[in-house]
Amino acid sequence: MAAPGVFITTRCKDGIYTPFAAVGSKYRVLQNIEMSLILEALVSEGDIRIHTAGSLQDGRKVWMLGRLHGRTKEAAPKDIVDYNVLLVNSHDGSLVISLLLTLIRVVCMNTLIAALASGRSNGKMITIRHSGNPLQRITEAQRVLGLLEETANAQDTLIDTLVSIDMDKRKVIEGFERLYPNPDDERSATRAENIREKLMDIYENSPTIAMPGVTGTGWGFVNTITQAVDHGLLRNYTKADACLTSAWFGSGDDLKNSALHVVQELSGISFLNA
């Protein structure tokens, strides 16, 4: 049935059209080649090196990951964090083209999407104003790179704060209980208990957590959650890219944010944006 003013975004692969989403007449499709032009402007204006790209959910979301060359943080001895930029877009209306600062621990490749610097936004995405004019693309790239620099500086401070926060085993257990409290029904309570046991096993036995300067700190607690999410240890995923989608944009990312708030609550130290 035709609907006035409603259009369908599709993907054509091997002559087969796959419908993505219904959109309005003002919706403009940003093709992947146009996304690469935006990235080209960022690379030319900033010290960024692109190293991988891909798609999620059968092409509904597309992404490109680049390294902020020379921008690293030593959180603890032998625990290096690389600062990366993640350019994302969707063809189903779920995302506008945006850039995110992504922290990656070298020892385990776990990721943490950084919140924007205080005063800029309560979210994480830097929305990019797309233009077909090359000069305007350069101006926009300079604006975005400035925001990235502010956010990276804020993350340096955040990491230092997390490392400085002491969390003994009692606090770690309480933190896991806050993230996964026991519901009223027995079946769900058993599942919550099993998850807490998995988290404690990671915290106590993972070589990337049981490191000097990491274990016993807020940084170690947060990375326990990050490792569990990024490696799909808390649930079974039926699709190969579902774990990554969750870790970057879904419930997995939400859980990582909750871990940060739990550390703040247990320590009594305020370090997150309001």
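Residues numbered from 1 in each chain as written. Predicted model: local features only at pLDDT ≥ 70, side-chain atom pairs only at ≥ 80, totals over all residues. Heavy atoms only, no water.

Caption draft 1: Structural view of the packing of aromatic side chains. In this structure the tally under the stated criterion is three aromatic pairs. Ring centres of Trp63 and Trp248 lie 5.1 Å apart, and the angle between their planes is 85°; this geometry places the pair in the edge-to-face category. Here the residue Trp63 occupies a position in strand S4 (residues 61–76), and Trp248 occupies one in helix H6 (residues 242–249), the gap between them amounting to 185 residues. Exposure remark for Trp63: the relative accessible area of 12% places this residue in the buried category. Residue classification places Trp248 among the buried positions, given a relative accessible area of 7%. Considering the side-chain rings of Phe176 and Phe221, the 5.2 Å spacing of their centres and the 20° angle between planes classify their relative orientation as stacked. (Phe/Tyr/Trp six-rings, centres within 6.5 Å; stacked < 30°, edge-to-face > 60°. Helix = DSSP H or I, 4+ residues; strand = E, 2+ residues; numbered from the N terminus. Buried < 20%, exposed > 50% of the residue type's maximum accessible area, 1.4 Å probe, protein only.)

Caption draft 2: Layout of the environment of Gly268. Looking at the secondary structure, you find Gly268 in the segment after helix H7 (251–267). Residue Gly268 is classed as exposed on the basis of its relative accessible area of 65%. Distance from Gly268 to Ile165, taken between C-alpha atoms, is 9.8 Å for residues 103 residues apart in sequence.

Caption draft 3: Just the confidence of the model for the protein, in detail. In the predicted model, the protein carries a mean pLDDT of 87, and the fraction of residues at 70 or more is 93%. Here residues 118–122 is modelled with pLDDT under 50, and outside its nearest four sequence neighbours on either side it reaches six contacts, counting other chains as well. (pLDDT = per-residue confidence, 0-100. Contact = heavy atoms within 4.5 Å.)

Caption draft 4: Looking closely at the environment of Trp63. Separated by twelve residues in the primary sequence, Trp63 and His51 have C-alpha atoms spaced 11 Å apart. Apart from residues no more than four positions distant in its own chain, Trp63 is found in contact with Met35, Thr52, Ala53, Gly54, Ser55, Leu56, Leu86, Leu87, Val88, Leu244 and Trp248.

Caption draft 5: Highlighting the environment of Asp47. Inspection of the secondary structure assignment puts Asp47 in the loop between helix H1 (32–45) and strand S3 (48–56). With relative accessibility at 38%, the residue Asp47 sits in the partly exposed group. Counting along the chain gives 222 residues from Asp47 to Ile269, while the straight-line C-alpha distance between them is 34 Å. Residues within four places of Asp47 in sequence aside, it is in contact with Arg67, Leu68 and His69.

Caption draft 6: How the structure looks around H1. Look at H1: 20 Å from first C-alpha to last across 14 residues, which is about the 20 Å you get at 1.5 Å a residue. Turning to H1, its buried residues are Glu34, Met35, Ile38, Leu39, Ala41 and Leu42. Buried residues of H1 fall within an arc of 150° about the axis and therefore sit on the same side. Opposite its buried face, H1 presents the exposed residues Ile33, Glu40 and Ser44, each directed more than 90 degrees away. (Expected span 1.5 Å × (residues − 1). Arc of directions from axis to C-beta.)

Caption draft 7: Examining unusual backbone geometry more closely. Phi is positive for Gln57, which is not a glycine, with a value near 55°. Mapped onto the elements, Gln57 comes out in the loop between S3 and S4. Of the residues examined, Gln57 reaches a relative accessible area of 29% and is grouped as partly exposed. A positive phi angle is found at Met109, which is not glycine, with a value near 65°. Among the secondary structure elements, Met109 is positioned in the loop between strand S6 (98–105) and strand S7 (111–113).

Caption draft 8: Up close: the nonpolar core. In this structure, Leu99, Phe221 and Ile225 are the most contacted members of the largest nonpolar core, which totals 63 residues. The biggest single contributor to this core is helix H2 (residues 134–164), with nine residues. In this structure Phe221 touches Met167, Val172, Gly175, Phe176, Leu179, Tyr203, Ala259, Val262 and Val263, once residues within four positions along its chain are discounted. Core analysis: the next-biggest nonpolar cluster, separate from the first, contains ten residues, Val88, Ile104, Ile113 and Trp248 among them. (Core = buried A, V, L, I, M, F, W, Y, C linked by side-chain atoms within 4.5 Å.)

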